[in-house]
Amino acid sequence: RTEAIKTGDPLDEATMMGAQVSSAQHEKIVNYINLGTSEGAKVLTGGAANDVVNGGYYIKPTILSGTNDMKIFQEEIFGPVTSVTTFRDEEEAVAIANDTVYGLGAGVWTRDAHQAYTVPRQIQAGRVWV
């Protein structure tokens, strides 16, 4: 699905994601992707600048797989990058979610109604989406 996201000219109705706001922001995001891979994260998709429109600051939507101690997990990247990790059980998932300085937002995906009720209440974040 991520690879199907069409980047390009924001005036094109088929475009789903536009460019970054500046060269500095573009460079910051690319540096985070490079930092993640240097820390051992695996690029599942994306992971590079995207030259779909000449002269724009485009980045391919990126998914990185790694561990919660990596900087890409602990800092806001403010770009089309997400980091994913695995966990053994609910307790470890909550511990990972709470192992952050910021905790502005969190999300819980489950098919279990009991978890949908109890897990968000254990996460220390400004807002938790279920």
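Residues numbered from 1 in each chain as written. Predicted model: local features only at pLDDT ≥ 70, side-chain atom pairs only at ≥ 80, totals over all residues. Heavy atoms only, no water.

Engineer: What am I meant to see in the overall build of the protein chain here?
Structural biologist: The secondary structure content of the protein chain amounts to four helices and five strands. Moving toward the C terminus, one meets the helices and strands of the protein chain in the order α-β-β-α-β-α-β-α-β. Overall, the protein chain is about 50 × 35 × 25 Å in size when its C-alpha atoms are taken along their principal axes. A total of 130 residues make up the protein chain; the buried ones form 27% of that total. For the protein chain, long-range pairs separated by at least 24 residues make up 45% of all intrachain contacts whose partners lie at least 6 apart in sequence. (Helix = DSSP H or I, 4+ residues; strand = E, 2+ residues; numbered from the N terminus. Buried < 20%, exposed > 50% of the residue type's maximum accessible area, 1.4 Å probe, protein only. Contact = heavy atoms within 4.5 Å.)

Engineer: What exactly am I supposed to notice about the layout of surface pockets here?
Structural biologist: Any empty space left between atoms is shown by rolling a water-sized probe over those atoms. Computed from the structure, the largest pocket encloses a volume of approximately 1,200 Å³. Of the residues forming the lining of the largest pocket, the biggest block, five residues, is contributed by helix α3 (residues 90–98). For the lining of the largest pocket, the class distribution of residues is 20 nonpolar, 13 polar and four charged. (1 Å grid on protein atoms, 1.4 Å probe; cavity = no way out; pocket = protein on both sides within 12 Å on 5 of 7 lines; lining within 4 Å. Points joined across faces, edges and corners; volume = space filled by probe spheres on them. Nonpolar A, V, L, I, M, F, W, Y, C, P; charged D, E, K, R; others polar.)

Engineer: What's the story with a nonpolar patch on the surface in this structure? I'm lost.
Structural biologist: A cluster of nonpolar side chains, contributed by V101, Y102 and L104, occupies part of the molecular surface with about 380 Å² of accessible area. Looking at the element boundaries, Y102 is found in the loop between α3 and β4 (105–107). (Patch = residues over 30% accessible without salt bridge, like charges linked within 9 Å, V, L, I, M, F, W, Y side chains within 5 Å. Areas by Shrake-Rupley, 256 points an atom, 1.4 Å probe, with all protein chains shown as cover. Salt bridge = Lys/Arg side-chain N within 4 Å of Asp/Glu carboxyl O.)

Engineer: Would you mind going over the pattern of salt bridges with me for this structure?
Structural biologist: Applying the stated criterion across every chain yields a total of three salt bridges. Between E92 and R88 there is a salt bridge, and its shortest N-O distance comes to 3.6 Å. Overall, R88 belongs to the exposed group, its relative accessible area being 72%.

Engineer: Looking at this structure, how should I read the sheet that holds strand β1 (residues 42–45)?
Structural biologist: Strand-to-strand pairing in sheets goes through backbone hydrogen bonds, with the strands running parallel or antiparallel. Read from one edge to the other, the open sheet built from three strands follows the order β1-β2-β3, with strand pairing classed as mixed. Looking at which strands have only one partner, the edges of the open sheet turn out to be β1 and β3 (81–84). Averaged over all neighbouring strand pairs, the angle between strand axes comes to 30°, with direction disregarded. (Pairing = 2+ DSSP bridges. Axes fitted to C-alpha atoms, helices over the stretch in contact; angles between N-to-C directions.)

Engineer: Would you mind showing me how to read the nonpolar core here?
Structural biologist: One recurring pattern in soluble globular proteins is that nonpolar side chains are buried together. Core analysis: the biggest nonpolar cluster contains 11 residues, these being I29, Y32, I33, A41, I59, L64, M70, I72, F73, I77 and V81. The set of elements that each furnish at least two residues to this core consists of α1 (23–38) and α2 (71–74). At three residues, the largest contribution of residues to this core is made by α1. Apart from the residues lying within four places of it in its own chain, the contact partners of V81 are I29, I33, T62 and L64. (Core = buried A, V, L, I, M, F, W, Y, C linked by side-chain atoms within 4.5 Å.)

Engineer: How do you make sense of unusual backbone geometry when you look at a structure like this?
Structural biologist: Among all residues except glycine, the phi angle is most often negative; among peptide bonds, the trans geometry is most common. Non-glycine residue F78 carries a positive phi angle of around 55°. Along the chain, F78 falls in the loop between α2 and β3. Residue classification places F78 among the exposed positions, given a relative accessible area of 58%.

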